[in-house]
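# Survey of secondary and tertiary structure
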Amino acid sequence: MKKDYKLRMTDGEYLTVTTYGKPDSKKPCLIYIHGFKGFKDWGFVPYIGEFLSRRGFLAVTFNFSHNGIGENMTEFTELDKFANNTYSREIRELNELVAACKSGEFGPCDKVGILGHSRGGGTSLLTAAQNKDIGAVATWSAVSSFNRYSENLKEKWRQQGFFEVVNQRTGQVMQLNTVLLDDIEENGAEGLNIEKAVKNLNKPLLVIHGEEDEAVPEKEADIIHNWADPKLSEILKIPGAGHTFGAAHPFKGSNEKLDQALAASADFFGKYL
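Residues numbered from 1 in each chain as written. Predicted model: local features only at pLDDT ≥ 70, side-chain atom pairs only at ≥ 80, totals over all residues. Heavy atoms only, no water.

## Re the sheet that holds strand 5 (residues 109-117)
Pairing is mixed across the open sheet formed by eight strands, whose spatial order is 1-2-4-3-5-6-9-10. This sheet does not close on itself; its edge strands, each paired only once, are strand 1 (2-8) and strand 10 (233-238). Geometrically, the sheet is characterised by an average inter-axis angle of 20° between neighbouring strands, direction not taken into account. Summarising the sheet, strand 3 (residues 27-33) and strand 4 (residues 58-63) pair through four bridges and their orientation is parallel. Within the sheet, the bridge partner assigned to Cys-29 lies in strand 4 and is Leu-58. Lying on the sheet, helix 4 (residues 119-130) is in contact with strand 3, strand 5, strand 6 (134-140) and strand 9 (205-210); it crosses strand 5 at an angle near 140°. Together, strand 3, strand 5, strand 6, strand 9 and strand 10 form the strand contacts of helix 9 (residues 256-272), whose direction differs from that of strand 6 by roughly 165°. (Pairing = 2+ DSSP bridges. Helix = DSSP H or I, 4+ residues; strand = E, 2+ residues; numbered from the N terminus. Axes fitted to C-alpha atoms, helices over the stretch in contact; angles between N-to-C directions. Contact = heavy atoms within 4.5 Å.)

Now the structure itself:
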């Protein structure tokens with residue numbers, strides 16, 4: 001069973017949300033957090049939702065309010081919002097989504113787990129460290145730091161007032177305004193400190209990474225795992241897997257690498273939730 005929602009945030013913005021599974025009894029909720037230039041209807045995300053729902057979870061997928069996706073669920077039409085997005089906004093919105101899950105907004109929910117991909121993995125770690133309602137966290141291809149820009153690039157970014165990135169899939173040139181850079185520089189030591197968050201996580205963590213990741217180096221998985229409590233942390237590296245575990249958009253079906261990551265994640269959440 002698939003159902004769509006619009007969830008109003010405290011600042012008046014909205015998250016578009018899709019749930020998978022029958023909300024007929026209290027069960028664990030698993031929230032999937034997309035990464036940079038990701039969205040809830042990208043490639044493998046609906047497949048993830050369906051897979052997890054078959055494993056007995058209420059799967060929740062969503063778009064951050066400023067990820068650039070508007071009424072058209074598969075195209076970036078809100079580039080002004082995309083340009084003004086920040087990491088701190090995404091953490092706040094994820095906290096509000098967790099609270100909505102716990103309150104029964106999408107159906108009875110006893111425990112919450114979160115699964116974050118790429119940038120969404122970093123967001124997941126930071127949110128899980130501060131939110132007592134999150135029982136376990138898994139990351140796929142997660143970044144170990146949000147401060148990923150050279151000093152030269154930052155200087156040009158400040159001078160221009162924006163930094164441009166190209167969406168390879170659509171060819172769109174997408175701007176990032178200096179609010180993102182401000183967020184990194186103002187909150188990097190505390191609120192956006194992934195190392196500190198992982199060291200203080202104190203809950204089960206599964207780190208999954210492809211050995212052939214072309215976007216986030218495999219070594220970042222080792223960095224995150226080494227920060228974590230060895231009694232609560234697991235790591236899985238998948239040989240031959242890239243950043244999206246062999247999946248693309250539009251989705252053309254699953255593969256052994258993606259299903260391995262999904263099965264390991266479902267087993268992990270089944271054990272701890």
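Text resumes after the structure shown.
## Looking at the nonpolar core
Soluble globular proteins: nonpolar side chains tend toward being buried together. Grouped together as the largest cluster of nonpolar side chains are 85 residues, with contacts concentrated most on Ile-31, Leu-97 and Trp-140. Among the elements that make up this core, the one with the highest residue count is helix 3 (residues 87-102) (seven residues). Each residue touching Trp-140, except ones within four places of it in the same chain, is listed here: Phe-44, Ile-48, Leu-115, Gly-116, His-117, Ser-118, Ile-208, Phe-245, Leu-258, Ala-261, Leu-262 and Ser-265. (Core = buried A, V, L, I, M, F, W, Y, C linked by side-chain atoms within 4.5 Å. Buried < 20%, exposed > 50% of the residue type's maximum accessible area, 1.4 Å probe, protein only.)

## Focus on the packing of aromatic side chains
One pass over the structure, following the stated rule, counts 17 aromatic pairs. Both rings, one in Tyr-149 and one in Trp-157, keep their centres 5.1 Å apart while their planes meet at 80°; by these two values the pair is edge-to-face. For the pair formed by Tyr-149 and Trp-157, the shared burial category is buried. Residue placement shows Lys-6 over the ring face of Tyr-14; its charged tip is 5.1 Å from the ring centre. (Phe/Tyr/Trp six-rings, centres within 6.5 Å; stacked < 30°, edge-to-face > 60°. Lys NZ or Arg CZ within 6 Å of the ring centre and 35° of its normal.)

So far we have only geometry, and geometry alone does not tell us how the molecule works.
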